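Now for the letters of each chain:
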Amino acid sequence: MTDWGLGPFGQGFLFGLALAMPVGAIGLLCIRRSLEYGFATGFATGLGAAVADAGYGAVAAFGLTAVSDFLLAWQTVLALAGGAALIWLGVQSWRTRAQGPARTASVGPHPLMAFVQTVGLTLANPQTILTFVALFAGLGVVLGEQTGWTPALLLVLGVFLGSGVWWLTLAGAVGGVLRRRLSDGAIGWINRGAGALIVGFGLLAVARGLGLI
């Protein structure tokens, strides 16, 4: 196994971090919820993505081809469902009026609901499995029955923690620091901008599901 001296856990950590860091629909959702509702809801949003990423990493690391084949066979339906959900969340973000830190704690989604929503949104993109397979193959990561299951387990744990550390950092910086320094008006404009971009990501997902792009 090519591990650059990191071992499977270290590689998984870097994989998870690399997958989480690019700003996409989930990143925008995490930023928006951290600003509007605070750290707990923002972090729960990101943690849902970390769990889903680790799940897809497990499918690739353990060679669960039956699971990956099933998900990839249904990727059109998943893309359409995920895209529709993103469009709905984007519209909701656009329409939300900032109410200030003292009032928003009771009106935001429960952290558990935010977590479940993001797990579903992230799982709606089974192409992530192929990303893991390509990463593992490109770096010479050979797991499963050939090396024992412990390295695979460590790799998946690393993916989860790498992704989780990023979402913890992002939600903490936005929900714990930036939120206190922005006016309600500024947060309102950020809601609108994030909402428009999330709708855009949703439309892209729908277009992919329909085979238009």
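Residues numbered from 1 in each chain as written. Predicted model: local features only at pLDDT ≥ 70, side-chain atom pairs only at ≥ 80, totals over all residues. Heavy atoms only, no water.

**Points about the overall build of the protein**
Step number 1: Across its full length, the protein holds ten helices and zero strands.
Step number 2: Going from N to C terminus, the protein has its helices and strands arranged as α-α-α-α-α-α-α-α-α-α.
Step number 3: Within the protein, the fraction of its 213 residues that count as buried is 45%.
Step number 4: A fraction of 89% describes how many contacts in the protein between residues 6 or more apart in sequence connect residues 24 or more apart. (Helix = DSSP H or I, 4+ residues; strand = E, 2+ residues; numbered from the N terminus. Buried < 20%, exposed > 50% of the residue type's maximum accessible area, 1.4 Å probe, protein only. Contact = heavy atoms within 4.5 Å.)

**Digging into a nonpolar patch on the surface**
Step number 1: Together, Leu197, Phe201, Leu204, Leu210, Leu212 and Ile213 make up a nonpolar patch on the protein surface, roughly 610 Å² of accessible area in all.
Step number 2: In this fold, Leu212 is placed in the segment after helix H10 (184–209). (Patch = residues over 30% accessible without salt bridge, like charges linked within 9 Å, V, L, I, M, F, W, Y side chains within 5 Å. Areas by Shrake-Rupley, 256 points an atom, 1.4 Å probe, with all protein chains shown as cover. Salt bridge = Lys/Arg side-chain N within 4 Å of Asp/Glu carboxyl O.)

**Here we look at the packing of helix H5 (residues 75–95) against H10**
Step number 1: It is the contact of H5 with H10, at a shortest axis distance of 7 Å, that shows an interaxial angle of 165°. The orientation of H5 relative to H10 falls into the category roughly antiparallel. Along this stretch, H5 crosses H10, giving a crossing that reads as left-handed.
Step number 2: Class assignment for the residues of the contact of H5 with H10 results in 15 nonpolar, eight polar and one charged. (Axes fitted to C-alpha atoms, helices over the stretch in contact; angles between N-to-C directions. Parallel < 35°, antiparallel > 145°, perpendicular 65-115°, else oblique. Left-handed = near helix turned anticlockwise from the far one by under 90°. Nonpolar A, V, L, I, M, F, W, Y, C, P; charged D, E, K, R; others polar.)

**Concerning the confidence of the model for the protein**
Step number 1: Averaged over every residue, the pLDDT of the protein is 82; the share at 70 or more is 85%.
Step number 2: Counted against residues more than four places away or in other chains, residues 101–106, with its pLDDT under 50, gives six contacts. (pLDDT = per-residue confidence, 0-100.)

**Some points on the packing of aromatic side chains**
Step number 1: Applying the stated criterion across every chain yields a total of one aromatic pair.
Step number 2: In this structure, Arg192 packs its charged tip against the face of Trp189, placed 4.9 Å from the ring centre. (Phe/Tyr/Trp six-rings, centres within 6.5 Å; stacked < 30°, edge-to-face > 60°. Lys NZ or Arg CZ within 6 Å of the ring centre and 35° of its normal.)

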